[in-house]
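Residues per chain, in single letters:
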Amino acid sequence: MSPSESQAAARPDDLAVTAERCAAQLLGGNPAGSAEEVAGRLLAIQAQDLRGARLTVRARSAGLSASDVDAALTQRRSLIVTWLNRGTLHLVCSEDYWWLHRLTNPQLRTGNSRRLAQEGVPPEDAERAVATVQAALATDGPLTRSQLRERVAVAGVRTEGQAMVHILALASILGLIVRGPVTGRDQAFVPVQDWLGPPPPAIGREVALGELARRYLAGHAPAADRDLAQWAGIGLRDARLGLARCGAIQRGDGLAELPANRLRAVRLLPPPLLLGAFDPLLLGWASRDPIVGPHRQIVTVNGLFRPFALAGGRAVATWSTAGGKVTLAPFAPLDTRTQAALAADAVDVMRFLGRGS
């Protein structure tokens, strides 16, 4: 099925919602001018694949490169990566770290304790490991995961399998460390207050839920309460409270938006684009069916979200880089115009990654 046929197969109201969401996601209209602007609009970008997070910025900006994202993480300290929301790594603006961490991290402790136990790390060992990480970063930081693994192993704590990942997650959940500077192909951990300075005064939970809902809708509207709940890893009741606190408006189709959204002009679907692994367009709502349709291979059996091409508001291919170029794997033959647009975007992907000619 060509993009035009795929678009025709989708209901017009579905495509209208997709167009609105793409505009909220900065995939159409005026592009962002900085990595911080993209992160600020989306609030939290899934980032266990840092290259995917960089490509999230590329698709929503103009003239930037992967090194600009790394500079925000390393020199400007305006972006950080840590465990937030639904329990995975996210790229966020440093100024948003404090309130978002306080709001979404307490509920992560139970799952983290369970995973540590499954990895053979009892509570007393986990406590010793976190203290070891703190001490190592205080004296020798920033340090990468492999460097910290060596220190924790010397302290007599199990680091095999996924144990070290969950030890670092625990230290992050406790608000002690974050991922900061990029060092080669890795990202180093740093003490939170050394890297970001002292925390600002805490805000109340209901106020934070209102801010969460407002910021979520800014980058994802129109959306339902269940979309916010799943994206942020909070309960449905809290999601509804947040939407009420931020003054969200319920539309006739049952979706919520901010009052300012009603003033927007009719949105058009974005031009054909190459989106990276774990792109927010597949993670921002409870259902990804409007984008993915029948092409379930975009999400692998072990939960990895593959890079994909978007055209006509639908996923039309997966893609990869090898031999210094982008290789497309279309789900069906693509029309000439779509092929040309994706070929041009592929050149920009390689430029962004620093592999252009």
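Residues numbered from 1 in each chain as written. Predicted model: local features only at pLDDT ≥ 70, side-chain atom pairs only at ≥ 80, totals over all residues. Heavy atoms only, no water.

### Details of the environment of Ala208
1) Next: Tracing the sequence through the fold places Ala208 in helix α12 (residues 205-220).
2) Next: Classification of Ala208 by relative accessible area gives buried; the value is 4%.
3) Next: Residues Ala208 and Arg288, spaced 80 residues apart in sequence, show a C-alpha to C-alpha distance of 27 Å.
4) Next: In this structure, Ala208 is in contact with Trp99, Leu103 and Ile203, ignoring residues within four places of it in sequence. (Helix = DSSP H or I, 4+ residues; strand = E, 2+ residues; numbered from the N terminus. Buried < 20%, exposed > 50% of the residue type's maximum accessible area, 1.4 Å probe, protein only. Contact = heavy atoms within 4.5 Å.)

### Details of helix α16 (residues 336-352)
1) Next: Here α16 contains 17 residues, and its C-alpha end-to-end distance of 24 Å stays within 8% of the 24 Å for a straight helix at 1.5 Å per residue.
2) Next: Buried residues of α16: Thr338, Leu342, Asp345, Ala346, Val349, Met350 and Phe352, and no others. What you see down the axis of α16 is that its buried residues fit within an arc of 145°, all on one side. Of the exposed residues in α16, the ones pointing more than 90 degrees away from its buried face are Thr336, Arg337 and Val347.
3) Next: For α16, the side-chain oxygen to backbone nitrogen distance between the N-cap and Arg337 is 3.2 Å, and the N-cap itself is Asp335.
4) Next: Backbone geometry just downstream of α16 places Gly354 in the positive-phi region, at approximately 80°. (Expected span 1.5 Å × (residues − 1). Arc of directions from axis to C-beta. Polar contact = N/O pair within 3.5 Å; in protein donor to acceptor, adjacent residues only side chain to side chain.)

### A closer look at the confidence of the model for the protein chain
Close inspection of predicted coordinates is inappropriate in any region flagged by low pLDDT.
1) Next: In the predicted model, the protein chain carries a mean pLDDT of 94, and the fraction of residues at 70 or more is 95%.
2) Next: Under a pLDDT of 50 for its full length, residues 1-9 has, in the predicted model, 14 contacts with residues more than four places off or in other chains. (pLDDT = per-residue confidence, 0-100.)

### A short note on the side chain of Thr82
1) Next: Structurally, the position occupied by Thr82 is in strand β2 (residues 79-84).
2) Next: Classification of Thr82 by relative accessible area gives buried; the value is 1%.
3) Next: Not counting residues up to four positions away in its chain, the partners in contact with Thr82 are Thr88, Leu89, His90, Tyr97, Ser172, Ile177 and Val178.

### Overview of helix α5 (residues 66-74)
1) Next: Most of α5 sits out of view: 7 of its 9 residues are buried.
2) Next: For α5, the complete set of buried residues consists of Ala66, Val69, Asp70, Ala71, Ala72, Leu73 and Thr74.

### A closer look at unusual backbone geometry
1) Next: That bond from Gly141 to Pro142 is cis: its omega, 0°, falls within 30 degrees of zero.
2) Next: For Pro142, the position within the fold is in the loop between α8 (123-140) and α9 (145-154).
3) Next: At the junction of Ala221 and Pro222, the peptide bond is cis and its omega measures out at 0° in the coordinates.
4) Next: Here Leu43, not a glycine, exhibits a phi torsion of approximately 75°, which is positive.

### Focus on the sheet that holds strand β9 (residues 308-311)
Strand pairing in a sheet is mediated by backbone hydrogen bonds. Such pairs are either parallel or antiparallel.
1) Next: Judged by pairing direction, the sheet is antiparallel, and its 4 strands sit side by side in the order β8-β9-β10-β11 without closing on themselves. The open sheet has two edge strands, β8 (273-275) and β11 (325-330), and neither has a second partner. Across the sheet, the mean angle from the axis of one strand to that of its neighbour is 35°, orientation sign disregarded.
2) Next: As paired elements, β8 and β9 share 3 bridges and run antiparallel to each other. (Pairing = 2+ DSSP bridges. Axes fitted to C-alpha atoms, helices over the stretch in contact; angles between N-to-C directions.)

### Quick notes on the pairing of β9
Remark: a regular strand shows side chains that alternate across the two faces of the sheet.
1) Next: Side chains of β9 alternate between two faces, with Phe308 and Leu310 and Ala309 and Ala311 buried alike.
2) Next: Alignment of β9 against strand β10 (residues 314-322), held across 4 bridges, turns out to be antiparallel. Along β10, the bridge assignment pairs Ala311 with Arg314.

### With respect to the pattern of salt bridges
1) Next: Counting across every chain of the model gives 20 salt bridges.
2) Next: A salt bridge links Glu20 to Arg251, with the nearest nitrogen and oxygen atoms 2.8 Å apart. One end of the pair, Glu20, is in helix α2 (residues 12-24); the other, Arg251, is in the loop between β6 (249-250) and β7 (256-257), with 231 residues separating them in the sequence.
3) Next: Salt-bridge contacts for Arg296 lead to Asp289; the nearest nitrogen and oxygen are separated by 2.7 Å.
4) Next: For Asp289, a relative accessible area of 37% puts it in the partly exposed group.
5) Next: Via salt bridges that share partners, Glu20, Arg251, Asp253 and Glu257 belong to a single interconnected network. (Salt bridge = Lys/Arg side-chain N within 4 Å of Asp/Glu carboxyl O.)

### Let's talk about the packing of helix α4 (residues 50-59) against α16
1) Next: Between α4 and α16, whose axes approach to 11 Å, the crossing angle comes to 125°. By the angle between their axes, α4 is oblique relative to α16. For the element pair α4 and α16, the recorded crossing hand is right-handed. The residues of α16 that touch α4, namely those facing Arg54, Leu55 and Arg58, are Asp345, Asp348, Val349 and Phe352. (Parallel < 35°, antiparallel > 145°, perpendicular 65-115°, else oblique. Left-handed = near helix turned anticlockwise from the far one by under 90°.)

### Concerning the packing of aromatic side chains
1) Next: Overall, the coordinates contain 3 aromatic pairs when judged by the stated rule.
2) Next: Here the aromatic rings of Tyr97 and Trp98 are separated by 5.1 Å at their centres, their planes lie at 70°, and the arrangement is edge-to-face.
3) Next: Taking the relative accessible area as the measure of exposure, Tyr97 reaches 1% and is therefore buried.
4) Next: With centroids separated by 5.5 Å and ring planes inclined at 40°, the aromatic side chains of Phe278 and Phe305 adopt a geometry described as tilted. One end of the pair, Phe278, is in the loop between β8 and α15 (289-292); the other, Phe305, is in the loop between α15 and β9, and 27 residues separate them in sequence.
5) Next: The ring of Trp195 is capped by Arg77, whose NZ or CZ atom sits 3.7 Å from the centre of that ring. (Phe/Tyr/Trp six-rings, centres within 6.5 Å; stacked < 30°, edge-to-face > 60°. Lys NZ or Arg CZ within 6 Å of the ring centre and 35° of its normal.)

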